[in-house]
Amino acid sequence: MERSEDTKIVIVGGGICGLSTALALHRKGIRSLVLEKSEKLRGEGAAIIVQTNGWRALHHLALASSLRSTALRIHRGKFIALNGNEAKEIPFRVCEEFRCLKRIDLMEAMANNLPVGTIRTASHVLSIQFDSVTKYHHLLLSNGTVLQAKVVIGCDGVNSMIGKMIGLKETQHSMISKDSKLVRQSLMESMEGFPQDAMEMIENCELNSLHLTTDLKYRPPLDLLLHKFRKGTLIIAGDAMHATG
Ligand SMILES: Cc1cc2nc3c(=O)[nH]c(=O)nc-3n(C[C@H](O)[C@H](O)[C@H](O)COP(=O)(O)OP(=O)(O)OC[C@H]3O[C@@H](n4cnc5c(N)ncnc54)[C@H](O)[C@@H]3O)c2cc1C
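Below is a summary of the structure that appears in this document.

The rules behind the values
Residues numbered from 1 in each chain as written. Predicted model: local features only at pLDDT ≥ 70, side-chain atom pairs only at ≥ 80, totals over all residues. Heavy atoms only, no water. Buried < 20%, exposed > 50% of the residue type's maximum accessible area, 1.4 Å probe, protein only. Helix = DSSP H or I, 4+ residues; strand = E, 2+ residues; numbered from the N terminus. Pairing = 2+ DSSP bridges. Salt bridge = Lys/Arg side-chain N within 4 Å of Asp/Glu carboxyl O. Phe/Tyr/Trp six-rings, centres within 6.5 Å; stacked < 30°, edge-to-face > 60°. Lys NZ or Arg CZ within 6 Å of the ring centre and 35° of its normal. Axes fitted to C-alpha atoms, helices over the stretch in contact; angles between N-to-C directions. Parallel < 35°, antiparallel > 145°, perpendicular 65-115°, else oblique. Left-handed = near helix turned anticlockwise from the far one by under 90°. Contact = heavy atoms within 4.5 Å. Nonpolar A, V, L, I, M, F, W, Y, C, P; charged D, E, K, R; others polar. Patch = residues over 30% accessible without salt bridge, like charges linked within 9 Å, V, L, I, M, F, W, Y side chains within 5 Å. Areas by Shrake-Rupley, 256 points an atom, 1.4 Å probe, with all protein chains shown as cover. Polar contact = N/O pair within 3.5 Å; in protein donor to acceptor, adjacent residues only side chain to side chain.

Observations concerning the pairing of strand 6 (residues 86–93)
So, step 1. Within strand 6, only zero of the eight residues are buried, which leaves the element largely exposed.
So, step 2. Pairing of strand 5 (residues 76–83) with strand 6, which is carried by eight bridges, proceeds in the antiparallel orientation. Residue Leu 82 lies in a different strand from strand 6, and its bridge partner there is Ala 87.

In C-alpha cells:
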C-alpha cells in the first residue's frame, strides 16, 4: 500500500476540472496527485468557447495571457434554426470576452504548469473506502495499487463514481437515448424535408446501429441548490457536480 505524506490530496480525473483544480492548489503551494484512467490526457472535441468568467479563472491560474495568443476572439455570430427548407438566422453580438480555444491547448497549458509527477495517467480508480480509524481514504486502482489520501476530489465527469458515493442523485437520462425506436423517430422528425434517400437510410437501417451520441442528462436546479457536494473529505467538482454538456 502506497502512502505518501506529500500526497494528501488526490484528484480523480484529469479533465479540465481535475487539471485546473490541481493547478489552483499548486499556485497556493499545495501538492496534489491527479489520477486519470486514460493512457494520455484527452482533449476530447476540437474546440471550447471560454467566456468571461472562464478567462477570469484562467487569469488566476496565470494562464490567460499565454492562451489568449492562440485563442480566436468572437465578436458576433448567428444561430441558424432549420425548419424544413427554411433557415432562420438569429444574430447575436458579444459584448464581453468570448474566445474559442483548442481544447488540447488548454489541457496542455494546465498540465505543463504542474510539477512533474502530479499527473498519473493509466490510473483507473475502481473503488474508494474510508478508514474511520486513520481517517484516510483507500483508493483501489485497476493495476492493483492501493493509494491512501486524506482528501479526495472527484473530478471524474458526468457519470461520477464519487458523486454517487456522496449520495448525489443520478442525473436523469433522456428517455429517447434508451430506446433506439425513439432515437429513429426523433431523428426522422428533426430531418423532415431532407432528401428522400437520406430519410430512407435512417428508416431502413438496423435499429442497433442508432445511438444518441449526446446522452442528454438533466439535474433539476433545486437538486443543485439543496444538495451538499461534500461528504467529510470527499468532494466533487466540474461535470461531476453539474454537467454542462
Ligand atoms: C459537445 C460539448 C461541447 C461543449 N462546449 C463547451 C464550450 O464551448 N465551453 C464550455 O465552457 N464548456 C463546453 N462544454 C462543457 C465542458 O466540455 C465540460 O463542462 C468540461 O469538459 C467538464 O470537465 P470535467 O473535467 O469536469 O469532466 P471530463 O472532461 O468528463 O473529465 C473527467 C475525467 O475523469 C476521468 N475519469 C472518470 N472516471 C475515472 C476514474 N474512476 N478513475 C480515473 N479517472 C477517471 C475521465 O477519463 C476524464 O478524463 C461542452 C460539452 C460538450 C459535451
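There is more to say after this.
Structural notes on the sheet that holds strand 4 (residues 72–73)
So, step 1. Taking strand neighbours across the sheet as the criterion, the three strands line up as 3-7-4 in an open arrangement whose pairing is antiparallel. The sheet is open, and its two edges are formed by strand 3 (47–50) and strand 4, each paired on a single side.
So, step 2. One ladder, built from four bridges, connects strand 3 with strand 7 (residues 99–102); its direction is antiparallel. Within the sheet, the bridge partner assigned to Ile 48 lies in strand 7 and is Leu 101.

Side note on the pattern of salt bridges
So, step 1. A full pass over the atoms with the stated rule returns three salt bridges.
So, step 2. Note that Lys 78 is salt-bridged to Glu 89, the shortest N-O span being 3.3 Å. Taken together, the positions of Lys 78 in strand 5 and Glu 89 in strand 6 put the pair 11 residues apart, joining distant regions of the chain.
So, step 3. A cluster of three or more residues bridged by salt bridges with shared partners is formed by Arg 68, Glu 97 and Arg 99.

Regarding the packing of aromatic side chains
So, step 1. This model, assessed by the stated rule, comprises one aromatic pair.
So, step 2. Over the face of the ring belonging to Trp 55 we find Arg 99, whose NZ or CZ atom lies 5.9 Å from the ring centre.

Thoughts on the packing of helix 1 (residues 16–27) against helix 4 (residues 103–112)
So, step 1. Two elements in contact, helix 1 and helix 4, have axes separated by 9 Å at closest approach and are oriented at 30°. Between helix 1 and helix 4, the angle is such that the two are roughly parallel. As helix 1 packs across helix 4, the resulting crossing turns out to be left-handed. Between helix 1 and helix 4, the contacting residues are Ile 16, Leu 19, Ser 20 and Leu 23 on the first element and Arg 103, Leu 106, Met 107 and Met 110 on the second.
So, step 2. Taken together, the residues of the contact of helix 1 with helix 4 break down into six nonpolar, one polar and one charged.

Points about a nonpolar patch on the surface
So, step 1. A cluster of nonpolar side chains, namely Leu 222, Leu 225 and Leu 226, defines an oily patch on the protein surface of about 380 Å² accessible area.
So, step 2. Relative to the assigned elements, Leu 225 resides in helix 9 (residues 221–226).
So, step 3. Of the residues examined, Leu 225 reaches a relative accessible area of 68% and is grouped as exposed.

Some thoughts on the packing of helix 7 (residues 180–190) against helix 8 (residues 196–204)
So, step 1. For the pair helix 7 and helix 8, interaxial distance at closest approach is 10 Å and the crossing angle is 170°. One element, helix 7, and the other, helix 8, form an angle in the roughly antiparallel class. The segment helix 7 lies against helix 8, with Arg 184, Leu 187 and Met 188 engaging Met 199, Ile 202, Glu 203 and Asn 204.
So, step 2. Looking at side-chain class alone, the contact of helix 7 with helix 8 contains four nonpolar, one polar and two charged residues.

Here's the deal with the side chain of Ser 123
So, step 1. Here Ser 123 shows up in the loop between strand 8 (119–120) and strand 9 (125–131).
So, step 2. Residue class for Ser 123 comes out buried when judged on its relative accessible area of 6%.
So, step 3. Within polar-contact distance, the side chain of Ser 123 engages the backbone oxygen of Arg 120 at 3.4 Å.
So, step 4. Contacts of Ser 123, omitting those with residues within four sequence positions, involve Leu 35, Glu 36, Lys 37 and Leu 141.

Purely geometric numbers; function is a separate question.
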